Amino acid sequence: MLTWLITAAFLRLYPASTLWPLLAFGVFGFLTLMSRVADARQIEQLMTWLRHPETPLPKRLAPQWMELASHVLRQRRNHKDSLAQSDKRLADFLAALQVSPNGVVLIDADQRIEWFNQTAAEHFGFDARRDAQQHFTNLVRDPVVAAYFAARDFSHSVVFAGRSNTRSPAQRISLQLHLYGQGRSLLLSRDVTAIEQADAMRRDFVANVSHEIRTPLTVLGGFVETLQTLKLSGAEQTRYLDLMAQQASRMQSLVDDLLTLSKLEGSPRPSNHEWLKVETLIRSCVNDGRALSQMIWGSAQHIDIDLDADLNCDIAGSDTELHSALFNLVGNAVRYTPADKSIVVSWSLNAHGQGVLTVTDHGMGIAPEHLPRLTERFYRVDRSRSRETGGTGLGLAIVKHIAQRHDAELQIESTPGKGSSFRLVFGAHRVRVAVEQSAALVEQD
Ligand code: ADP
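Since this is a predicted model, take the numbers as computed values, not measurements.

### Considerations on the packing of aromatic side chains
One pass over the structure, following the stated rule, counts eleven aromatic pairs. Between tyrosine 148 and phenylalanine 149, the aromatic rings sit 6.1 Å apart at their centres with planes inclined by 85 degrees, giving edge-to-face as the arrangement. The two residues tyrosine 148 and phenylalanine 149 agree in class, both being buried.

Encoded structure:
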């Protein structure tokens, strides 16, 4: 009723001609309001979708919101791709650092460990789960490392005793810190045990060589002085000259052995296509051994040859080197075996087709504690016996070297007072039954 009254009053106030624009305006206003409401609802849906990217894109969006949503979708996809790419790059980078032979530790500005690779874990005894985010200096308490960090002079490296106490020789680790970024640092570590050991060996070697040469040189110098200052009889002079010749020959042997070693170290491995006859090699070394025995003992020391009955074998390698190795073994047997005891040089093929060259003596033998060190340069069990018989202390080092170059193994067995057996075991690929013999065997079949 009231509505009708208001409408009638309204129509009386405003004639129909003025009503149409008002109505149009009202409709326009209404439509605008409706569109705003729809927009607001779509914006709300869009916002929910943006906040929860895992939810599906709202359906029935107005074209402008749809365009906006697809733009956001594209951006999201690009962002995800570039994140995946940088993750992959980081993973590749860390994988590369992981396989580095050097230890790598990333340390933040508070000296906390951010990341380390496996090698660093071994050098410092770190545990990947336990030690990340720990202070480096709390974990590595070696005094050398502590002093290095305290001095804050990182222009050089320091060497400290590594964590692995089971290793022999004790592990030596070099570490150096490199600063970068804002207070961050990269710590690199390296196992220098072998380098330090090689340095020590080189120093010992030079000291040993100098000592070995100085001794005969001093003796020689003394004799020269005696000859120059004293009036000696002809017989005395001859004796002195003989002694001088002995010392000169001792120096000569030492220099020869040193040259042999340096040649072995500097030349390529002997080919395994050049074949030589085992029998020729053994016979020639045994003849040289007999001559040496004659020189030292002056009587016939028996050197027997025992070649594997039917086998006539060839061995692949360097004639000179193999001769040198075998002669060193035969020579030692002669020198460390009394004249009345015999020596046997034998050759056989074992069940694996390996060639076994053995020199057995019935001499003084060697105590077990010396066996592991016999092939070290200048290591001697019986120093005076070695010198008396012209030994240099390098013979077995040369034999071992030659054996390695021929894929052979040097095996030593000895019983003090009973004798020794030195065996060279050659890989089957370096041994063959001699060509003529195998042809003959085929014909017999
Ligand atoms: P050396 O020139 O002193 O003989 P080697 O390197 O040939 O040097 O041998 C090292 C040491 O091994 C020798 O000093 C000796 O004490 C011992 N030795 C080598 N061969 C024999 C052997 N057949 N019998 C006993 N001792 C041996």
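### Section: the sheet that holds strand S1 (residues 103-107)
As summarised here, the arrangement of the five strands in space is S2-S1-S5-S4-S3, forming an open sheet in which the pairing is antiparallel. With one partner strand each, in any of the chains shown, strand S2 (113-116) and strand S3 (158-161) form the two edges of the open sheet. If you compare each strand with its neighbour and ignore which way they point, the axes differ by 25 degrees on average.

### Things to note about the domain arrangement of the protein
When its domains are assigned, the protein resolves into domain 1 (2-93), domain 2 (100-191), domain 3 (194-267) and domain 4 (270-445). Each of domain 1 and domain 2 was reduced to a C-alpha centroid, and the two centroids are 60 Å apart.

### Considering a nonpolar patch on the surface
Taken together, the side chains of Trp20, Leu23, Val27, Phe30, Leu31 and Met34 present a nonpolar region at the surface, about 660 Å² in accessible area. Residue placement: leucine 31 occurs in helix H2 (residues 16-51).

### Remarks on the site of the ligand
Around the ligand sit 20 residues in total, of which Tyr336, Ser386, Thr392, Gly393 and Leu396 are the nearest. Separating a nitrogen atom of the ligand from a side-chain N or O atom of aspartate 361 is a distance of 2.9 Å. Between the ligand and valine 381, the relevant distance is 3.0 Å, taken from an oxygen atom to a main-chain nitrogen or oxygen of the residue. Coverage of the ligand by the protein amounts to 98% of the 520 Å² it exposes when considered alone.

### Let's talk about the nonpolar core
Membership of the largest hydrophobic core comes to 44 residues, with the highest contact counts inside it found for Ile282, Leu326, Val345, Trp347, Val359, Leu424 and Phe426. Here this core takes seven residues from helix H11 (residues 319-335), the largest share from any one element. When we break this core down by domain, the ones giving at least three residues each are domain 3 (194-267) and domain 4 (270-445). Contacts of tryptophan 347, omitting those with residues within four sequence positions, involve Val278, Ile282, Asp306, Leu307, Asp308, Cys313, Ile315, Gly355, Val356, Leu357, Phe426 and Val431. With 21 residues, the next largest nonpolar core counts Ile107, Tyr148, Ile173 and Leu187 among its residues.

### Some details on the side chain of arginine 423
Along the chain, the position of arginine 423 falls in strand S12 (residues 419-426). Polar contacts involving the side chain of arginine 423 include one to the side chain of glutamate 413, which spans 2.6 Å. Once you skip the residues sitting within four places of it in the chain, arginine 423 turns out to touch Val356, Leu357, Thr358, Glu409, Leu410, Gln411 and Glu413.

### A closer look at the pattern of salt bridges
A full pass over the atoms with the stated rule returns 15 salt bridges. One salt bridge connects glutamate 114 with arginine 184, and the closest N-O pair in it is separated by 2.6 Å. Within this pair, whereas glutamate 114 is found in strand S2, its partner arginine 184 is found in strand S5 (residues 184-191), the two being separated by 70 residues in sequence. The class for arginine 184 is partly exposed, based on a relative accessible area of 28%. One salt bridge in this structure joins arginine 377 and glutamate 265, with 2.5 Å as the shortest N-O distance. Of this pair, arginine 377 sits in the loop between strand S10 (355-361) and helix H12 (383-388) while glutamate 265 sits in helix H9 (residues 234-266), placing them 112 residues apart in sequence. What makes arginine 377 partly exposed here is its relative accessible area of 29%. According to the relative accessible area criterion, glutamate 265 is partly exposed, its value standing at 49%. Connected through shared salt-bridge partners, Arg269, Asp407 and Arg430 make up one network.

### Notes on the sheet that holds strand S9 (residues 343-349)
Strand order in this open sheet of five strands is S7-S9-S10-S12-S11, and the pairing throughout is mixed. The outermost strands of the open sheet, each flanked by one partner alone, are strand S7 (303-307) and strand S11 (408-415). Neighbour-to-neighbour, the strand axes of the sheet open up by a mean angle of 15 degrees, direction not taken into account. Examined bridge by bridge, S7 and S9 share five bridges and lie parallel to one another. Bridge pairing in S9 links aspartate 306 to serine 346. The sheet contacts of H11 involve S7, S9, S10 and S12, and relative to S10 the element is tilted by about 25 degrees.

### Thoughts on H11
The terminal C-alpha atoms of H11, which comprises 17 residues, lie 24 Å apart, in line with the 24 Å expected from a rise of 1.5 Å per residue. Within H11, twelve of the 17 residues are buried, which leaves the element mostly enclosed by the surrounding structure. Taken residue by residue, H11 has Glu321, Leu322, Ala325, Leu326, Asn328, Leu329, Val330, Gly331, Asn332, Ala333, Val334 and Arg335 as its buried positions.

### Focus: the pairing of strand S4 (residues 172-180)
Two elements, S3 and S4, share four bridges in a ladder whose sense is antiparallel. Note that in S4 the partner of valine 159 across the bridge is serine 174.

### What about the state of the cysteines?
Scanning the model with the defined rule gives zero disulfides in all. As a non-bridged cysteine, cysteine 285 has cysteine 313 as the owner of its nearest cysteine sulfur, 16 Å distant. Residue class for cysteine 285 comes out buried when judged on its relative accessible area of 0%. Classification of cysteine 313 as buried rests on a relative accessible area of 3%.

### Considering the packing of helix H8 (residues 193-229) against H9
Contact pair H8 / H9: the axes reach a minimum separation of 10 Å and the direction vectors enclose 160 degrees. Relative to H9, the element H8 is oriented roughly antiparallel. At the point where H8 passes H9, the crossing takes the left-handed sense. Within the contact of H8 with H9, the residues separate by chemical class into 18 nonpolar, four polar and two charged.

Thresholds applied
Residues numbered from 1 in each chain as written. Predicted model: local features only at pLDDT ≥ 70, side-chain atom pairs only at ≥ 80, totals over all residues. Heavy atoms only, no water. Phe/Tyr/Trp six-rings, centres within 6.5 Å; stacked < 30°, edge-to-face > 60°. Buried < 20%, exposed > 50% of the residue type's maximum accessible area, 1.4 Å probe, protein only. Pairing = 2+ DSSP bridges. Helix = DSSP H or I, 4+ residues; strand = E, 2+ residues; numbered from the N terminus. Axes fitted to C-alpha atoms, helices over the stretch in contact; angles between N-to-C directions. Domains from an automatic or database assignment. Patch = residues over 30% accessible without salt bridge, like charges linked within 9 Å, V, L, I, M, F, W, Y side chains within 5 Å. Areas by Shrake-Rupley, 256 points an atom, 1.4 Å probe, with all protein chains shown as cover. Salt bridge = Lys/Arg side-chain N within 4 Å of Asp/Glu carboxyl O. Near = heavy atom within 4 Å. Polar contact = N/O pair within 3.5 Å; in protein donor to acceptor, adjacent residues only side chain to side chain. Core = buried A, V, L, I, M, F, W, Y, C linked by side-chain atoms within 4.5 Å. Contact = heavy atoms within 4.5 Å. Expected span 1.5 Å × (residues − 1). Disulfide = S-S within 2.5 Å. Parallel < 35°, antiparallel > 145°, perpendicular 65-115°, else oblique. Left-handed = near helix turned anticlockwise from the far one by under 90°. Nonpolar A, V, L, I, M, F, W, Y, C, P; charged D, E, K, R; others polar.

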